[in-house]
Structure formats: structure tokens, C-alpha cells
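# Residue-level structure breakdown
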Amino acid sequence: MQYYSLNNKAPKVSFSEAVIKGLAPDRGLYFPESITPLPASFFENIENLDKVEIAYQAIRQFVGDEIPEKELKEILKDVLDFDFPVIDFKENIGTLELFHGPTMAFKDVGARFMARCLGYFNRNNENHVTVLVATSGDTGGAVANGFLGVKGVDVVILYPTGKVSDIQEKQLTTLGQNITALEVEGVFDDCQDMVKTAFLDTTITDHKQLTSANSINIARWLPQLFYFLFAYKQVKSKQKDIVFSVPSGNFGNICAGIVAHKLGLPVKHFVASTNVNDTVVRYLKTSEYNPKPSRATISNAMDVGNPSNFIRIQKLFGNNFEVLKNSFSAYSFNDDQTKDAMKEIFDATGYVADPHGAVGYLGLKEYELNGNDYGIFLETAHPVKFLDIVEETLDTKVEIPSQIQKVIKKEKKSIHIHSYEKLKEFLLQ
């Protein structure tokens, strides 16, 4: 499998090169040269396959022969050692829980898969790779946990000061070892711009091998397609038309779902559910893409003003606006609507949704499911990660799981920076 830059001004590369580089030299995102649908028999028999076999069949064309079958299956077995249950919610709605991993966020799968791929590629190499990543919330903790102690890999995480939850901050600032957290004066988009600039700064890259663990990296992005296959396995017997509503910030998760659809997964429609950072919502109304600076919300992992992965979504739909609109919708909701949805869910079912899941639920309501539809909204993080807002909104106590208890009392360690020059100075130390 070869990967090319969506800016079309860089050479094609292998899977391993795309993982290690992260971003193409022309600042474009890497994209697979082809996507071959899986045989119909895969979906006909999916309920007889375990998680590792489903994931292996789905990902092997993207990895090619660069990781042998035995080693790739071992990686997947390690990465997928927790559950991804669909919880029936109402007659025609379920929620896909993606928070049963070590950092209780959906990004655990992509971060761990990328870490283990990078570890495999680096197994006989004495050179160090620096993983440089920006986070608006959950990415930082998942990447820190996934790469902790990986041989030959240093991790540098940029996050906006005061704009991640306390627990999210603890997860990315307390691990030590090969993990360093840089606290940036600004918003997520400032962090992401710094990361992209560093990749193209030859005064850095001449001395350090940089790669990214944001969803711009194919090894972080593509494994997210597993979620949609796991969900289908669980609801296939309902014989309904499936509509996925995905809380969306950088749009990597929903983009991976569309790749699963291209592989043959039966999906009627995709809904991108966003907070007030509504760049894609406005695009679908006007066909003009005009990103704005991100605004802080209670669903902070979606506080992204210029979502990197939307260009991949456009490519998956042939850069055809009308084709995109037939299969893809986007809706925006504010904090008050999000809190009201959390209350509605809790009062009706007793289910405690985090703010991101609540936005996903609102997306399904806005889409208006018909009688033969089954809507699945993704619950992307455990509500404990947004403890204050959840307990205050629902007037209830959330039990703190063991994964969180491990970090909550640890001492935060971060380095404050306020400019790209300070990041550059740190990387060149």
C-alpha cells in the first residue's frame, strides 16, 4: 500500500514512512492510494468473528506486508483488550461506548495501535523518534499512556492552558518517563498550528525525526474504523438501516467510519455532531469552507475551528459536494442544549452521558430517524473525565473508576510556552 499527500506535491510513501513522517513534506495529510472493499462474506459472517479477526481483515490492506500477519495480530490483540458495547437506549437508538480502555476515551485504540506500530518499526533502530502532538482533551492522555516507555520514542504533548478538564490534564502531565507536557497560552488551534509548523521547520527536522500522533497520522486515524465494524456486529440482527452520529472535533473518527463504509459496511447515513465550533455545519449550508478560531465549550475535545480531517472526508466522497450531502450531515449545538440533552437522557433512562455523547444524541434527534432506522451515537469518553460539569448538571455523583484513581492524586508537571519559538527552543535542547 502506498500513501500520497492530499496536497499532491510530495512523493508517495509506504505505510511505515507515512507513520514515521506523520505529515507529508508539502504539509498535506497522507491518504491511501486505494481502498478495496472487503468481500460480502465478511459482513455476512461478521457475528462469527472475534474483534482481532475483524480488525485484522479491515486493516491489513492499509498496512500491507510491512508488519507480518502474526505480529500484526499480536498488536491488535494487545490494542483491543477491552470491550466496545452498544447499549440499547430507546427503541431505535443505541450508544456505542468507546471509553472502556486505559484512559477512558475513544482515542486509546488509535494511540495504542500507532505506538505499537512505531515500536515495531523502531525495534532494530537506535535512533530516537519524537512524537509531537496537540490535544484539545483526550488525545494527550491516550497518547501519553499508549507511548509510555516505548523504546526510542519521546513524546511531547501541547495543550491549551485552562481548556482541558482537570482529569484530562492529570492524564497527560503526570506520567513522566518519556512524556513531556507543554502548556500553551492559547487555544487548540494554536497548538495544532505549532505542531504543523514544526514538521516543516528544517532547523528542527535536520536534527530530530518528528512524527505526529494526532489523527492526521494514518496509524492514529485508520484504526478508528474498527468501532463501526464492532457496532455493526452487535446490531446486525436488528435488520435496521444504521445511522451513526459521531461527536466531531478534528473529524478523524467520523472520517474513519466513512472508510469502514467504503470497505462495504452497510451504513445509511453519517451525522457529524458538533458544538458551537461549526465550520463544517456552515460549509454544508453554503459550500464555502471558512474556518474560524475555536471557542471553548463544555465538550472541549471538539473545540476545533479548522478540522484537519475534513479534507479526507471530501476525498472519500470524490470531492463532490452533492454526493457528500447525500450521505453526510452536520449539526451544531451550544452548551445549554448539551446540558439539556444530558438531563433528558438521565431523566428518561438513568444513563449518565458525557457532554460529547450528549451532542451525539442531539445529532440523531436533529436528523430525525424514520421507522426502519437504528441510530447509534458514539459515547467517546467516560463522564468522569468531565466530572464537575456532569455532577453539576445532573445533580448526581459519578463513581471514579480505577483508571482515573491512579492519576488523580499525582503531581502535575508541565512546561509553559507562549510562542512557536519557545517550542522550537525546547525541541532543539
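Residues numbered from 1 in each chain as written. Predicted model: local features only at pLDDT ≥ 70, side-chain atom pairs only at ≥ 80, totals over all residues. Heavy atoms only, no water.

## Some words on the packing of helix H8 (residues 188-199) against helix H20 (residues 420-427)
Here is the rule we go by: The axes are straight lines fitted to the C-alpha atoms, using for helices just the contacting stretch, and the angles between their N-to-C directions are given from 0 to 180°. Note on conventions: DSSP H or I runs of at least 4 residues are helices, E runs of at least 2 residues are strands, and numbering of each starts at the N terminus. When describing relative orientation, an angle under 35 degrees is termed roughly parallel and one over 145 degrees roughly antiparallel, while 65 to 115 degrees is termed roughly perpendicular and anything else oblique. Crossings are sorted by hand: turned counterclockwise from the far helix by less than a right angle, the near helix makes the crossing left-handed, and turned clockwise it makes it right-handed. The contact rule is simple, with two residues in contact once any of their heavy atoms fall within 4.5 Å. Ten residues, namely Ala, Val, Leu, Ile, Met, Phe, Trp, Tyr, Cys and Pro, are considered nonpolar, four, namely Asp, Glu, Lys and Arg, are considered charged, and the remaining ones, Gly among them, are considered polar.
Put simply, H8 and H20 touch, their axes get as near as 10 Å, and they point 50° apart. By the angle between their directions, the pair H8 and H20 is classed as oblique. Pair H8 / H20 crosses with right-handed handedness. Residue-level contacts link Met194, Thr197 and Ala198 of H8 to Tyr420, Leu423 and Leu427 of H20. When the residues that make up the contact of H8 with H20 are grouped by side-chain class, the tally is five nonpolar, one polar and no charged.

## Structural notes on helix H7 (residues 166-173)
Basically, it comes down to this: To sort residues, take the accessible area from a 1.4 Å probe on protein chains only and compare it with the maximum for the residue type: under 20% means buried, over 50% means exposed, and anything in between is partly exposed.
Taking burial as the measure, the eight residues of H7 include six buried ones, the bulk of the element. Residues of H7 that are buried include every one of Ile167, Gln168, Glu169, Gln171, Leu172 and Thr173, and no others. Turning to H7, the residues buried within the fold contact helix H6 (138-147), strand E7 (153-160), strand E8 (179-184) and helix H19 (402-408).

## Side note on the pairing of strand E13 (residues 373-379)
Let me state the cut-off plainly: Strands qualify as paired when DSSP identifies two bridges or more between them.
Within E13, seven of the seven residues are buried, leaving the element largely enclosed by the surrounding structure. Taking every second residue as pointing to the same face, both faces of E13 are buried, with Asp373, Gly375, Phe377 and Glu379 on one and Tyr374, Ile376 and Leu378 on the other. Sheet topology note: the strand E5 (residues 93-97)/E13 ladder contains five bridges and is parallel. When the bridges of E13 are listed, Glu97 appears paired with Glu379.

## Observations concerning the packing of helix H11 (residues 225-235) against helix H12 (residues 252-262)
The geometry of H11 relative to H12 is characterised by a closest axis approach of 7 Å and an angle of 60° between their N-to-C directions. Taken together, H11 and H12 sit at an angle that is classed as oblique. As for the relative orientation of H11 and H12, their crossing is right-handed in sense. On H12, the residues that touch Leu225, Tyr227, Phe228 and Leu229 of H11 are Asn253, Ala256, Gly257, Val259 and Ala260.

## Regarding the pattern of salt bridges
What counts here: Any carboxyl oxygen of Asp or Glu that lies within 4 Å of a side-chain nitrogen of Lys or Arg is treated as forming a salt bridge with it.
In total, this model carries 17 salt bridges according to the counting rule given. Here Lys365 ties to Glu344 by a salt bridge, and the two come within 3.0 Å at their closest N and O atoms. One end of the pair, Lys365, is in helix H17 (residues 355-367); the other, Glu344, is in helix H16 (residues 335-349), and 21 residues separate them in sequence. Taking relative accessible area as the criterion, Lys365 reaches 40% and is therefore assigned partly exposed. With a relative accessible area of 30%, Glu344 lands in the partly exposed category. Among the ionic pairs, Glu391 bridges to Lys397, the shortest N-O distance being 3.7 Å. Owing to a relative accessible area of 17%, Glu391 belongs among the buried residues under this scheme. The class of Lys397 is exposed, set by a relative accessible area of 73%.

## Considerations on the environment of Ala24
Within the secondary structure, Ala24 is located in the loop between helix H1 (15-21) and strand E3 (30-32). Looking at Ala24, the relative accessible area reads 1%, which means it is buried. In the structure, Ala24 is positioned 175 residues away from Phe199 in sequence and 8.7 Å away in space, judged by C-alpha atoms. Beyond its immediate chain neighbours, meaning those up to four positions away, Ala24 contacts Ser5, Ala10, Tyr30 and Leu200.

## Regarding the environment of Gly28
Following the sequence through the fold, Gly28 ends up in the loop between H1 and E3. Along the primary structure Gly28 and Ala296 are separated by 268 residues, whereas in three dimensions their C-alpha atoms are 27 Å apart. Here Gly28 is in contact with Ser5, Asn7 and Leu23, once residues within four sequence places are set aside.

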